[in-house]
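Fold and contact review
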Amino acid sequence: MPATLAMHMSDGLLDAPTSVLFLVVGGVGVLLALVRARGALDDRTAPMAGLVAAFIFAVQMLNFPVLPGVSGHLLGGALAAILVGPWVGALCIAIVLVVQALVFADGGLSALGANVTNLALIGTAVGFLVALGLRGLVRRGRGGLVATAFIAAFASTVVASLGFVAEYAIGGDPAFDLGTIATTVVGVHCLIGIGEGIITALTVGAIAAVRPDLVYLLRGERRPLEVSA
């Protein structure tokens, strides 16, 4: 059976002090997102947030092959940020991670803070910032939006994997060479990022074709999104 190599960290990868440290970091980040999300939630965003969380939860259960013996799954940070904004998106990913850890023992409780930091905070922030920086491309039409979604998802996956490397450098097993770990993790997540980008682009493109008003990234545009090819 292929092994899953992703930033969804399990118990035992980090020592206790590092696990506690990132539990605090993740908790503070989620608290900040909760405060900021209160102003972002409205009649469109609230139901959409529930759908996004449910979709990411379901799709994360499905692995796609990356290399022989290695598979990955959707991380969802960029997807959530593009659809419901960075603050609400971070909460969506955090909720998914908490449910998976508590109900399905997926990721482990001791690694929950690190997982929240990497996937919910870093992944969502990077995905949104990249998408925001490509707003000019988005304004060219649905093709530009799809391309932006792909690039943002790829970037968020790779940068979030660097969060894993940094955490392992702080509290991982020193018996393993950090350079080898970094090369392997980042290299594999470049491949996972391609799958992440495809799923994100297809999902965002499909929603924008039917209800562009539900896509957070498109709010504030001076003209409606052109949905023609």
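Values in this document were obtained by computation on a predicted structure and should not be read as measured data. (Residues numbered from 1 in each chain as written. Predicted model: local features only at pLDDT ≥ 70, side-chain atom pairs only at ≥ 80, totals over all residues. Heavy atoms only, no water.)

Within the chain one finds eight helices and three strands. Taken from N to C terminus, the helices and strands of the chain fall in the order β-α-α-β-β-α-α-α-α-α-α. Counting all 229 residues of the chain, 49% fall into the buried class. Expressed as a percentage of contacts within the chain between residues at least 6 apart in sequence, the contacts between residues at least 24 apart total 78%. Carbon and sulfur atoms make up 71% of the accessible area of the chain, which amounts to about 10500 Å² in all. (Helix = DSSP H or I, 4+ residues; strand = E, 2+ residues; numbered from the N terminus. Buried < 20%, exposed > 50% of the residue type's maximum accessible area, 1.4 Å probe, protein only. Contact = heavy atoms within 4.5 Å. Areas by Shrake-Rupley, 256 points an atom, 1.4 Å probe, with all protein chains shown as cover.)

Looking now at a nonpolar patch on the surface. Together, M61, L62, I95, V98, V99, L102, V103, F104 and L109 give the surface a local cluster of nonpolar side chains, amounting to about 850 Å² of exposed area. On the secondary structure map, L62 appears in the loop between α2 (45–60) and β2 (64–67). Residue classification places L62 among the exposed residues on the basis of a relative accessible area of 58%. (Patch = residues over 30% accessible without salt bridge, like charges linked within 9 Å, V, L, I, M, F, W, Y side chains within 5 Å. Salt bridge = Lys/Arg side-chain N within 4 Å of Asp/Glu carboxyl O.)

With that settled, consider the layout of surface pockets. Where empty space is left can be seen by rolling a probe of water-molecule size over the atoms. As a volume, the second largest pocket reaches approximately 210 Å³. Lining the second largest pocket are G29, L32, A33, P86, W87, A90, A120, L121, T124, A125, F128 and L129. The set of elements that each furnish at least two residues to the lining of the second largest pocket consists of α1 (16–37), α4 (86–103) and α5 (112–133). When residues in the lining of the second largest pocket are grouped by element, the largest group, six residues, is from α5. (1 Å grid on protein atoms, 1.4 Å probe; cavity = no way out; pocket = protein on both sides within 12 Å on 5 of 7 lines; lining within 4 Å. Points joined across faces, edges and corners; volume = space filled by probe spheres on them.)

Its 16 residues place the ends of α2 22 Å apart at the C-alpha level, agreeing with the 22 Å of an ideal helix rising 1.5 Å per residue. Buried-residue contacts for α2 involve α3 (77–84), α4, α5 and α8 (178–210). (Expected span 1.5 Å × (residues − 1).)

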